[in-house]
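# Chains, contacts and geometry: an overview
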Amino acid sequence: MAQQKKLSRRERVQQDTTPVINRKANNWTESYGINHFKLTPSQQELSHKIQDNTLTFVDSVAGTGKSLTILYSFVKEYLRDSTKQIIVLRTPVEAGLDKIGYLPLGYSQKVEPHFASTKKLLEQLLSRGKVETDMDHRIHFKVPNYVLGSTFDNSLILIDEAQQLPANILKLLLERIGVNSKCVIAGDSTQLYTGSDNKRNALRDAIPRFFNADNTPKYDDVSLHKFSVSDVQRSEIVKTVITAYTGLV
């Protein structure tokens, strides 16, 4: 019997029908919580838009999984490319007329409550240890005042609760986007914590600048995603509340 020819590494790779990038992705993510998340069809649609565009706007009501889907998409890229960093930008805004007053704490302690839900999602997608290790190295939570003048290269940027930002601040943040980066602007333009402040809602201001009346983009490499009330994941009563207050269905 003729001795079987020993295959070279290239020949072995060519015979393997599993795409190389998928094999690597499985190896990169097998120890992280991201494997346990299954996106809904609408969430998958948003994830694809994030992958395919540099700038993505998400304007949807609460409870639809906006943040989860965005961070899920970011974490996949974050694990695939060790040069990428995740940057979450959010302005600390107190709810309504209630004021908590001056807090004699450092920057980290002051902003931590505003990023608690984001940090929890990242811990679920990665692990608590991974997030703690990468915090302030590859994972950054920042408020707008601390980033103006910066440039974010090789970054996955989430501008969260964008309806709480003034329009000119959102413009300045978008001008920070550097090379090899993606940015998602997320929020709910119907949900303002400070009802008496008519200078906010940069999300509502931005959408007609980037999209036509039928929601088609005016520019290349830009996308918009809107969830419906039926996409709310929390409970049926939350769907009722949203419909009662907004008229959306």
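Figured I'd write up the structure that's included with this text. (Residues numbered from 1 in each chain as written. Predicted model: local features only at pLDDT ≥ 70, side-chain atom pairs only at ≥ 80, totals over all residues. Heavy atoms only, no water.)

## Here's the deal with the pairing of strand β2 (residues 85-89)
Counting buried residues along β2, five of its five residues qualify, which places the element largely inside the surrounding structure. By the alternation rule, side chains of β2 split into Q85, I87 and L89 and I86 and V88, which are all buried. In terms of strand pairing, β2 meets strand β4 (residues 155-159) through five bridges, oriented parallel. Directly across from L89, in β4, lies its bridge partner I159. (Buried < 20%, exposed > 50% of the residue type's maximum accessible area, 1.4 Å probe, protein only. Helix = DSSP H or I, 4+ residues; strand = E, 2+ residues; numbered from the N terminus. Pairing = 2+ DSSP bridges.)

## Concerning the pattern of salt bridges
Two side chains that carry opposite charge are able to pair once their charged atoms sit near each other. Here the structure, examined in full by the defined rule, presents 11 salt bridges. One salt bridge in this structure joins K49 and E45, with 3.6 Å as the shortest N-O distance. Taken together, the residues span about one helical turn, with K49 and E45 both in helix α3 (residues 41-52) at a distance of four residues. The class of E45 is partly exposed, set by a relative accessible area of 40%. Here K239 and E236 are joined by a salt bridge, their closest N and O atoms 3.2 Å apart. Placement of both K239 and E236 in helix α10 (residues 236-246) is noted, with a separation of three residues, approximately one turn of the helix. For K239, a relative accessible area of 17% puts it in the buried group. (Salt bridge = Lys/Arg side-chain N within 4 Å of Asp/Glu carboxyl O.)

## Overview of the environment of T69
The topology assignment puts T69 in helix α4 (residues 66-80). Along the backbone, T69 and Q44 are 25 residues apart, and their C-alpha atoms lie at a distance of 7.8 Å. Contacts of T69, omitting those with residues within four sequence positions, involve L39, Q43, L46 and S47. A distance of 2.8 Å separates a polar side-chain atom of T69 from the backbone oxygen of G65. (Contact = heavy atoms within 4.5 Å. Polar contact = N/O pair within 3.5 Å; in protein donor to acceptor, adjacent residues only side chain to side chain.)

## Considering the sheet that holds β2
If you walk across this open sheet you meet the six strands as β3-β2-β4-β5-β1-β6, and the pairing is parallel. Whereas interior strands pair on both sides, the edge strands pair on one side only; in this sheet they are β3 (139-142) and β6 (222-225). This sheet shows a mean twist of 15 degrees between the axes of neighbouring strands, independent of strand direction. Of the strands in this sheet, β1 (55-59), β5 (182-187) and β6 touch α3, which is tilted by about 165 degrees from β6. (Axes fitted to C-alpha atoms, helices over the stretch in contact; angles between N-to-C directions.)

## What about the layout of surface pockets?
Counted as a void, the largest pocket has a volume near 510 Å³. Lining the largest pocket are 24 residues, with G63, K66, S67, L121 and R234 sitting closest to its centre. Of all the elements, helix α6 (residues 116-125) adds the most residues to the lining of the largest pocket, at four residues. A class-by-class count of the residues in the lining of the largest pocket yields seven nonpolar, 10 polar and seven charged. (1 Å grid on protein atoms, 1.4 Å probe; cavity = no way out; pocket = protein on both sides within 12 Å on 5 of 7 lines; lining within 4 Å. Points joined across faces, edges and corners; volume = space filled by probe spheres on them. Nonpolar A, V, L, I, M, F, W, Y, C, P; charged D, E, K, R; others polar.)

## Let's talk about the packing of aromatic side chains
Scanning all chains against the criterion turns up four aromatic pairs. Between F57 and F210 the ring centres are 5.0 Å apart and the planes differ by 40 degrees, which places this aromatic pair in the tilted class. Taken as a pair, F57 in strand β1 and F210 in helix α9 (residues 202-210) lie far apart in primary sequence, 153 residues in all. In terms of burial, F57 and F210 fall into one category: buried. Ring centres of F210 and Y219 lie 6.1 Å apart, and the angle between their planes is 70 degrees; on these two criteria the pair is classed as edge-to-face. (Phe/Tyr/Trp six-rings, centres within 6.5 Å; stacked < 30°, edge-to-face > 60°.)

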